Amino acid sequence: MAQTANPKARELIQTVAQISNALMNEVAKVIIGKQENLRRITIGILSNGNMLIEDFPGLAKTLMANTFASALGCKFKRVQFTPDLLPADIMGTYMYDQQAGEFKLRPGPLFTNVLLADEINRAPPKTQAALLEAMEEKQVTIEGITHILPAPFITMATQNPIEQEGTYPLPEAQMDRFLMKMTMGYPNRQEEKAILQRRKLRGKDEYDIEQITSPKKVVAMQKALETVHVDPAIMSYIVELVQRTREDHRVITGASPRGSQSLFKTSRASAAIDGRDYVIPDDIKNVALEVISHRIFLKPESKIRGVTGRHITRKILSEVPVPVIQ
């Protein structure tokens, strides 16, 4: 199996793996029975990407984001998206300082490390669009002046299913800026009982979270992924998966080149979490549904038949030959 020849790089990836697994174990003390989602969010953090969690209210979406921020040692801000929320409410605005005799920026909640955009699809499109620059360029422009956001900057957005009353579908351009889209799902009986047992043992509603890392270390781990080797055959596999989403007759638009870049980044993060400094096909297959499905926009007749982006992605994964890496 191909891998980098640099021992320092391998040692670096081992450190990333240790911290990542410690992070997931710490969050697992609070979030019970969601190991796959804990891994996906850790992959998203290492990939410096934004994540969208869609599910019904009360399924620990907000708790997940808050717990990760605490374990990361990152600054955390929460914005409750509502129909009357304005762009200035999240970005901030310039206010006149009488003592200084000048206008000074009063930063909004975007100036943080982990932003929880709660129920993002309850706000009108204009406010959702205000997030686009922050999500992609990690900066905001207020009254013509550009401000760089703190590093790392990660948006973890939650949304209710669009069939629910008072929701707006997210614009296609914004959906494409989410690295991954995932669901939480209801706990089973055993998991729900464990939630109650842990609450009883704690003797309080609040959770005690140990800080595992720091913003500076998170940025260093993100940079360390550049040492993870991606074989040309793996790159061809990524391209083939993404290209086929555009060729399906049921689709209006398939995944963009941002989708293939997202698969590239998340596969590296997946490898690093497992302590490998090289990507294998399983790294792609394990994240493809969450990375590609939400970037596929279907024809109306396909939607009526109940076809989803996940159906198409699964079909493509089953059809594209898996590369053999020497």
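Calculation criteria
Residues numbered from 1 in each chain as written. Predicted model: local features only at pLDDT ≥ 70, side-chain atom pairs only at ≥ 80, totals over all residues. Heavy atoms only, no water. Helix = DSSP H or I, 4+ residues; strand = E, 2+ residues; numbered from the N terminus. Rg over C-alpha atoms; globule rule 2.2 N^0.38 Å. Buried < 20%, exposed > 50% of the residue type's maximum accessible area, 1.4 Å probe, protein only. Contact = heavy atoms within 4.5 Å. Areas by Shrake-Rupley, 256 points an atom, 1.4 Å probe, with all protein chains shown as cover. pLDDT = per-residue confidence, 0-100. Core = buried A, V, L, I, M, F, W, Y, C linked by side-chain atoms within 4.5 Å. Polar contact = N/O pair within 3.5 Å; in protein donor to acceptor, adjacent residues only side chain to side chain. Pairing = 2+ DSSP bridges. Axes fitted to C-alpha atoms, helices over the stretch in contact; angles between N-to-C directions. Parallel < 35°, antiparallel > 145°, perpendicular 65-115°, else oblique. Left-handed = near helix turned anticlockwise from the far one by under 90°. Nonpolar A, V, L, I, M, F, W, Y, C, P; charged D, E, K, R; others polar. Phe/Tyr/Trp six-rings, centres within 6.5 Å; stacked < 30°, edge-to-face > 60°. Lys NZ or Arg CZ within 6 Å of the ring centre and 35° of its normal. Salt bridge = Lys/Arg side-chain N within 4 Å of Asp/Glu carboxyl O. Arc of directions from axis to C-beta.

1. Some words on the overall build of the protein
Across its full length, the protein holds 14 helices and 11 strands. For 326 residues, the compact-globule estimate of 2.2 N^0.38 gives 20 Å, and the C-alpha radius of gyration of the protein, at 21 Å, lies within 12% of that figure. Projecting the C-alpha coordinates of the protein onto the three principal axes gives extents of approximately 70 × 50 × 45 Å. Here the protein holds 326 residues, and the buried ones make up 51% of them. When contacts within the protein are restricted to residue pairs at least 6 apart in sequence, long-range pairs at least 24 apart make up 78% of them. Summing over all exposed atoms, the protein offers an accessible surface of approximately 16,000 Å²; the carbon and sulfur share of this is 53%.

2. Quick notes on the confidence of the model for the protein
Mean pLDDT over the protein: 87, with 97% of residues reaching 70 or higher. By mean pLDDT, helix H5 (residues 125-130) is the weakest element of the protein at 76, and helix H11 (residues 257-273) is the strongest at 95.

3. A few points about the nonpolar core
The biggest cluster of nonpolar side chains holds 63 residues, and the ones touching the most others in it are Ile41, Leu241, Leu263 and Ile292. Discounting chain neighbours no more than four positions away, the residues touching isoleucine 292 are Leu241, Val242, Thr245, Ala255, Leu263 and Thr313. Residues Phe81, Ile120, Ala130 and Met135 belong to the second largest nonpolar core, which totals 25 residues.

4. A word on the environment of serine 256
Along the polypeptide, serine 256 turns up in the loop between strand E10 (251-253) and H11. The spatial distance from the C-alpha of serine 256 to the C-alpha of isoleucine 292 is 9.2 Å, given a sequence separation of 36 residues. For serine 256, the residues in contact, after removing those within four places along its chain, are Asp176, Val242 and Arg246. Of note is the side chain of serine 256, whose polar atom sits 2.8 Å from the side chain of aspartate 176.

5. Regarding the environment of alanine 28
As for its placement among the helices and strands, alanine 28 is situated in helix H1 (residues 7-28). Separated by 70 residues in sequence, alanine 28 and glutamine 98 have C-alpha atoms that sit 49 Å apart.

6. Description of the environment of phenylalanine 68
The residue phenylalanine 68 is located in helix H3 (residues 61-72) in this model. Here phenylalanine 68 falls in the buried class, since its relative accessible area comes to 0%. For the pair phenylalanine 68 and glutamate 102, spaced 34 residues apart in sequence, the C-alpha to C-alpha distance is 38 Å.

7. Digging into the sheet that holds strand E8 (residues 154-159)
Strands sit in the order E2-E5-E8-E1-E9 across an open sheet of five strands; the sheet is parallel. Where the open sheet ends on each side, the last strands, each with one partner, are strand E2 (76-80) and strand E9 (178-182). Taking the axes of each pair of neighbouring strands and ignoring which way they run, one obtains an average angle of 15 degrees across the sheet. The pairing of strand E5 (residues 114-118) with E8 spans four bridges and is classified as parallel. When the sheet's bridge partners are listed, valine 114 is paired in E8 with isoleucine 154.

8. Section: the packing of helix H10 (residues 232-247) against helix H12 (residues 281-292)
With their axes 11 Å apart at the nearest point, H10 and H12 run at an angle of 25 degrees to one another. By the angle between their axes, H10 is roughly parallel relative to H12. For the element pair H10 and H12, the recorded crossing hand is right-handed. Within the contact between the two elements, H10 uses Ile234, Tyr237, Ile238, Leu241, Val242 and Thr245 and H12 uses Pro281, Ile284, Lys285 and Ile292. When the residues that make up the contact of H10 with H12 are grouped by side-chain class, the tally is eight nonpolar, one polar and one charged.

9. Quick notes on the packing of aromatic side chains
This structure, assessed with the given rule, holds zero aromatic pairs. Here arginine 202 stacks its cationic end above the ring of tyrosine 207, 3.9 Å away from the centre of that ring.

10. A closer look at the pattern of salt bridges
Applying the stated criterion across every chain yields a total of 19 salt bridges. Glutamate 36 serves as the salt-bridge partner of arginine 40, at 4.0 Å between the closest nitrogen and oxygen. With a gap of four residues between them, arginine 40 and glutamate 36 both fall in helix H2 (residues 35-46), about one helical turn apart. With relative accessibility at 49%, the residue glutamate 36 sits in the partly exposed group.

11. Considering the pairing of strand E4 (residues 102-107)
The side chains of a regular strand alternate between both faces of the sheet. Bridging between strand E3 (residues 92-97) and E4 involves six bridges; their strand directions are antiparallel. For tyrosine 94, the partnering residue across the bridge sits in E4 and is leucine 105. Counted between consecutive antiparallel strands, the loop separating E3 from E4 contains four residues, among which glycine 101 sits at a positive phi close to 70 degrees.

12. Let's talk about helix H14 (residues 309-319)
All of the buried residues in H14 are Gly309, Ile312, Thr313, Ile316 and Leu317. Take H14 and look down its axis: the buried residues cluster within an arc of 135 degrees, on one side only.

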